[in-house]
Amino acid sequence: QVQLVESGGGLVQAGGFLRLSCAASGSTYSIKNMGWYRQAPGNARELVAVIASGGSTNYADSVKGRFTVSRDNAKNTVYLQMNSLKPEDTAIYYCNAEGWLGSYWGQGTQVTVSS
C-alpha cells in the first residue's frame, strides 16, 4: 500500500513556471515507476510524464521540452518542473506510482494558467 501527496500547484500567468512535488509513503520499496497525469474539465486523464526507478523518462508530446520530471529515491519524492506554462496546461495534476503491489494515485493538485 502506497500513499501519495501532491503539492506545489497554484495560479500562474502564461509563460511562468511551477514545481510540483509528490511524496510517497507506505510500501515505497515496491514502487517502480512514478509519474504525473493531468485532467482538465471535459478531458480524459492523460499522461504528462513518467520516470522509472532507473531514471528513464517519457513525456507527452505536448509538454516535451517544457516540463522535466525527476525523482529523489531517498526522499521517496517525484517532482515535475513546469516551465513556459500555457493556458492549455490548466488541469488537476495527479501523481501516480506503479509497482509490484499495484498502482496508486494522489489526491491531485490544481494548476491554473491564466491569460
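Residues numbered from 1 in each chain as written. Predicted model: local features only at pLDDT ≥ 70, side-chain atom pairs only at ≥ 80, totals over all residues. Heavy atoms only, no water.

1. Thoughts on the overall build of the protein
The secondary structure content of the protein amounts to zero helices and eleven strands. Listed N to C, the secondary structure of the protein is β-β-β-β-β-β-β-β-β-β-β in terms of helices and strands. At 13 Å, the protein has a C-alpha radius of gyration in line with the 13 Å of a compact globule built from 115 residues. Across its three principal axes, the protein shows a C-alpha extent of roughly 40 × 25 × 20 Å. When the accessible area of the protein is evaluated, it comes to approximately 5,900 Å², of which 50% is carbon and sulfur surface. (Helix = DSSP H or I, 4+ residues; strand = E, 2+ residues; numbered from the N terminus. Rg over C-alpha atoms; globule rule 2.2 N^0.38 Å. Areas by Shrake-Rupley, 256 points an atom, 1.4 Å probe, with all protein chains shown as cover.)

2. Things to note about the nonpolar core
Ranked by size, the top nonpolar core spans 29 residues in total, and within it L4, M34, W36, L80, M82 and Y93 carry the most contacts. Of all the secondary-structure elements, those providing two or more residues to this core are β1 (2-7), β3 (18-26), β4 (31-39), β5 (46-52), β7 (67-72), β8 (77-82), β9 (91-99) and β11 (109-114). Setting aside residues no more than four positions away along its own chain, M34 makes contact with L4, C22, A24, V50, I51, R71, V78, C95, N96 and A97. (Core = buried A, V, L, I, M, F, W, Y, C linked by side-chain atoms within 4.5 Å. Buried < 20%, exposed > 50% of the residue type's maximum accessible area, 1.4 Å probe, protein only. Contact = heavy atoms within 4.5 Å.)

3. Details of the packing of aromatic side chains
Inspection of every chain in the model, using the stated rule, returns two aromatic pairs. Between Y29 and W100 the ring centres are 6.1 Å apart and the planes differ by 50°, which places this aromatic pair in the tilted class. Pair noted here: Y29 is in the loop between β3 and β4 and W100 is in the loop between β9 and β10 (102-105), with a separation of 71 residues, a long-range link. Grouping residues by exposure puts Y29 and W100 together as exposed. Each ring, one from Y37 and one from W105, has its centre 4.9 Å from the other, and the planes form 70°; the classification is edge-to-face. Residue Y37 is located in strand β4, and its partner W105 is located in strand β10; the two are separated by 68 residues in the primary sequence. R45 extends its terminal NZ or CZ atom over the ring of W105, reaching a point 4.6 Å from the ring centre. (Phe/Tyr/Trp six-rings, centres within 6.5 Å; stacked < 30°, edge-to-face > 60°. Lys NZ or Arg CZ within 6 Å of the ring centre and 35° of its normal.)

4. Details of the side chain of R66
Tracing the sequence through the fold places R66 in the loop between β6 (57-59) and β7. There is a polar contact of 2.9 Å between the side chain of R66 and the backbone oxygen of S62. Of note is the side chain of R66, whose polar atom sits 2.8 Å from the side chain of D89. Dropping the residues within four chain positions of it, R66 is found in contact with Q81, M82, N83, S84, L85, K86 and D89. (Polar contact = N/O pair within 3.5 Å; in protein donor to acceptor, adjacent residues only side chain to side chain.)

5. Here's the deal with the sheet that holds β7
One open sheet accounts for four strands, arranged β1-β3-β8-β7; its pairing is antiparallel. Taken across any chain shown, the strands that pair with only one partner, and hence form the sheet edges, are β1 and β7. Strand-to-strand twist in this sheet, taken as the mean axis angle between neighbours without regard to direction, amounts to 15°. Where β7 lies against β8, six bridges are found, and the strand directions are antiparallel. When the sheet's bridge partners are listed, R71 is paired in β8 with V78. (Pairing = 2+ DSSP bridges. Axes fitted to C-alpha atoms, helices over the stretch in contact; angles between N-to-C directions.)

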